[in-house]
Amino acid sequence: MVQEIPLFRAYPKLVSVPWVSVVNSPTPVHKMEELTRILDNGEIWVKRDDLTHETYGGNKLRKYEFVFADVLKKEKKKILTQGSIGTNHGLATAVHAKRFGLKTHLFLLEQEPSPTVLENLLCHHYFGAKLSLLKNKLHRKLAVKTKLLLDRKAYSVVIGASSPLGTLGFVNAAFELKEQIDKKLIPEPDKIFITVGSFATCAGLVLGLELAQLKSQVIGIGVTDPSWSSKEATLDLATKALELMRSKDSSIPDVSKKLSKRLVVDHSYFGGKYGVSTEEALEAIELAKKDELKLEYVYTGKTLGGLIDYSRKSKISKNEVILYWNTKSSADLTPYVKEMKYQDLPKKFHKFFEEVQ
Ligand SMILES: Cc1ncc(COP(=O)(O)O)c(C=O)c1O
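Because the structure is a prediction, the values reported are computed rather than measured.

Draft legend 1. Main features of the layout of surface pockets. Its volume calculated, the largest pocket comes out at about 830 Å³. Considering the residues around the largest pocket, the lining is formed by 40 residues, among which I159, T224, W228, Y274 and Y299 are closest to the centre. Listed by contribution, the elements that provide at least two residues to the lining of the largest pocket are helix 3 (60-73), strand 3 (78-84), helix 4 (88-99), helix 6 (137-150), strand 7 (191-196) and helix 8 (200-211). Tallied by class, residues from the lining of the largest pocket come to 12 nonpolar, 19 polar and nine charged. As a volume, the second largest pocket reaches approximately 320 Å³. As for the second largest pocket, its lining consists of 17 residues, of which T116, K294, L295, E296 and K328 are closest to the centre. When residues of the lining of the second largest pocket are traced back to their parent elements, those giving at least two are helix 5 (115-126) and helix 10 (279-289). Along the lines of polarity and charge, the residues of the lining of the second largest pocket split into eight nonpolar, three polar and six charged. Each of domain 1 (6-58 + 167-326) and domain 2 (60-162) contributes no fewer than three residues to the lining of the second largest pocket.

Okay, structure coming up:
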């Protein structure tokens, strides 16, 4: 039987892990001609996970191929998940849960209301998510727990869908990249720059690269609090995902001790607080436009900003192939936003729109 995804092609016994198709894969890879020319230091390539889906893409969809399958297997009907008001993860949940007949309830905290944040907030409502605004992380946790106790059809997805199961989405992504290298669509990267938020994306990638025996080093650019999204936490999640895989197929090698040496997690571009913009991110957004990429400053701008700074500081050398993994959806949300008034949202959320007027 032809296996549907690269991970199952590599390890056929893993087909017992529930999986549903969410992503338009493989996502394209191409050289960033302009950035390569401007930096004049190595070849810069991009993996276009902004294109994982035409309605709303980005990295979260890869995790949901495994997480939605688990929700459906357990016959749950509603997803409860958490984030800040502009959460991309929450929007990915709302848009794609709907395709599987699942409802979404988002438990949100305040964040700086940038235009992108407000656009996402309007879209959460547009795509039918129920929204609750909580005072702090403890309140948010309690609200989810209470809801879970009261509703037997509810399923709680951890922040960013960064569970060991969600992490498999990026182990699969590494095997997808390997297939693209084997087909000579991209040279094997020496370094891969990727965003580290709730860290499953980076954890899965590091684990997948090791299992696929690719040489690439991973530079994870931290965009959330360093005490949370540390290298240790990322490796711990990768190890848990590996344990999950080995519980289904014991022939998968225990590579947990080998992961550390291919990973750097660097918070130098974080800017001191989640969600704030930085000079490096704003410059990266402008430079990326030359290669027709649409970035933002909370996640992807900081990551490309890190890559640019590494290049300028000669932490990248002339003969290297560098891959920038683009994780934020580039789908145009304006058609949905145009149909919405902020007054349509629950009253507690109006202040974010009134503050910016
Ligand atoms: C656009 C974007 N890129 C990257 C990330 C980081 O992914 P992860 O939370 O798996 O570290 C996130 C979420 O935090 C995101 O929304």
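Draft legend 2. Fine view of the confidence of the model for the protein. Scored by pLDDT, the protein has a mean of 97; 99% of the residues are at 70 or more. Confidence scores differ between elements of the protein, with helix 13 (residues 350-355) showing the lowest mean pLDDT of 92 and helix 8 the highest of 99.

Draft legend 3. Focus on the domain arrangement of the protein. Entries for the protein in the domain assignment read domain 1 (6-58 + 167-326) and domain 2 (60-162). For domain 1 versus domain 2, the separation of C-alpha centres amounts to 24 Å. Taken residue by residue, the interface counts 35 residues in domain 1 and 28 residues in domain 2. For the pair domain 1 and domain 2, the two sides together bury roughly 2600 Å², of which 62% comes from carbon and sulfur. Run the count over domain 1 and domain 2 and you get two salt bridges. Joining domain 1 to domain 2, the criterion identifies 13 residue pairs in polar contact (both at pLDDT 80 or more). Elements that contribute at least two residues to the side of domain 1 that touches domain 2 include exactly helix 1 (6-10), helix 7 (164-182) and helix 8.

Draft legend 4. Spotlight on the site of the ligand. The environment of the ligand is formed by 15 residues, the closest being K60, K63, S198, T201 and T327. In the model, an oxygen atom of the ligand is placed 3.0 Å from a nitrogen or oxygen of the N59 side chain. One nitrogen or oxygen atom from the side chain of T201 is found 2.6 Å from an oxygen atom belonging to the ligand. Expressed as a share of its isolated accessible area of 390 Å², the protein-covered part of the ligand is 96%. Given that more than half its atoms are within 2 Å of the pocket grid, the ligand belongs to the largest pocket.

Draft legend 5. How the structure looks around the packing of helix 10 against helix 11 (residues 300-312). Following both chains from N to C, one finds helix 10 and helix 11 inclined at 90°, their axes separated by 7 Å at the closest point. Overall, the two elements helix 10 and helix 11 adopt an arrangement that is roughly perpendicular. Counting all contacts with helix 10, which are made through E280, A281, E283, A284, I285, L287 and A288, the residues of helix 11 involved are G301, K302, L304, G305, I308 and R312. In terms of residue class, the contact of helix 10 with helix 11 is made up of seven nonpolar, two polar and four charged.

Draft legend 6. Structural view of empty space enclosed by the protein. Applying the stated criterion across every chain yields a total of two cavities of 30 Å³ or more. Here the largest cavity defines a volume of roughly 70 Å³. Forming the boundary of the largest cavity are G86, N88, Q111, T116, V117, N120, Y274, E296, V298, Y299 and K328. At three residues, helix 5 tops the list of elements feeding residues into the lining of the largest cavity. When grouped by side-chain class, the residues that make up the lining of the largest cavity number four nonpolar, five polar and two charged. Lining the lining of the largest cavity are residues from two domains, each supplying at least three of them: domain 1 (6-58 + 167-326) and domain 2 (60-162).

Each value, and the rule that gives it
Position numbers for residues count from 1 along each chain, tracking the sequence in the order it is written. Per-residue local features of the predicted model are confined to residues with pLDDT of at least 70, and side-chain atom pairs are confined, for both listing and counting, to 80 or more; whole-chain, interface and lining totals are unaffected and use all residues. For side-chain calculations, the full set of non-hydrogen atoms in the structure is used, while hydrogens and water are omitted. Cavities and pockets are found on a 1 Å grid laid over the protein atoms alone: a cavity is a set of points where a 1.4 Å probe fits but cannot escape, a pocket is an open set with protein on both sides within 12 Å along at least five of seven lines, and a lining residue has an atom within 4 Å of such a point. Grid points are joined across faces, edges and corners, and a volume is the space filled by probe spheres set on the points. Here a strand is any run of E in DSSP of at least two residues, a helix any run of H or I of at least four, and the numbering for each starts at the N terminus. Three classes are used, and their members are as follows: Ala, Val, Leu, Ile, Met, Phe, Trp, Tyr, Cys and Pro are nonpolar, Asp, Glu, Lys and Arg are charged, and the others, Gly among them, are polar. What fixes the domain bounds is an automatic or database domain assignment. The predictor attaches a confidence to each residue, and that confidence, scored 0 to 100, is pLDDT. By definition in these notes, contact holds between two residues if any of their heavy atoms fall within 4.5 Å. Take the accessible area each of two parts loses on contact, using a 1.4 Å probe, and add the two losses: that sum is the buried area. When a carboxyl oxygen of Asp or Glu lies within 4 Å of a side-chain nitrogen of Lys or Arg, that pair is called a salt bridge. By the criterion applied in these results, polar contacts are pairs of N or O atoms within 3.5 Å in which, for protein atoms, one can donate a hydrogen and the other can accept it, and in which residues neighboring in sequence qualify only through two side-chain atoms. Proximity criterion: a residue is near a molecule or strand once any of its heavy atoms comes within 4 Å of it. Every accessible area reported is derived by Shrake-Rupley at a probe size of 1.4 Å, with residue values counting cover from the shown protein chains alone. Being in a pocket or cavity means that more than half of the molecule's atoms lie within 2 Å of its grid points. Angles shown run from 0 to 180 degrees and are taken between the N-to-C directions of axes, each axis being a line fitted to C-alpha atoms and, for helices, limited to the stretch in contact. Each angle receives one of four descriptions, namely roughly parallel if under 35 degrees, roughly antiparallel if over 145, roughly perpendicular if within 65 to 115, and oblique otherwise.

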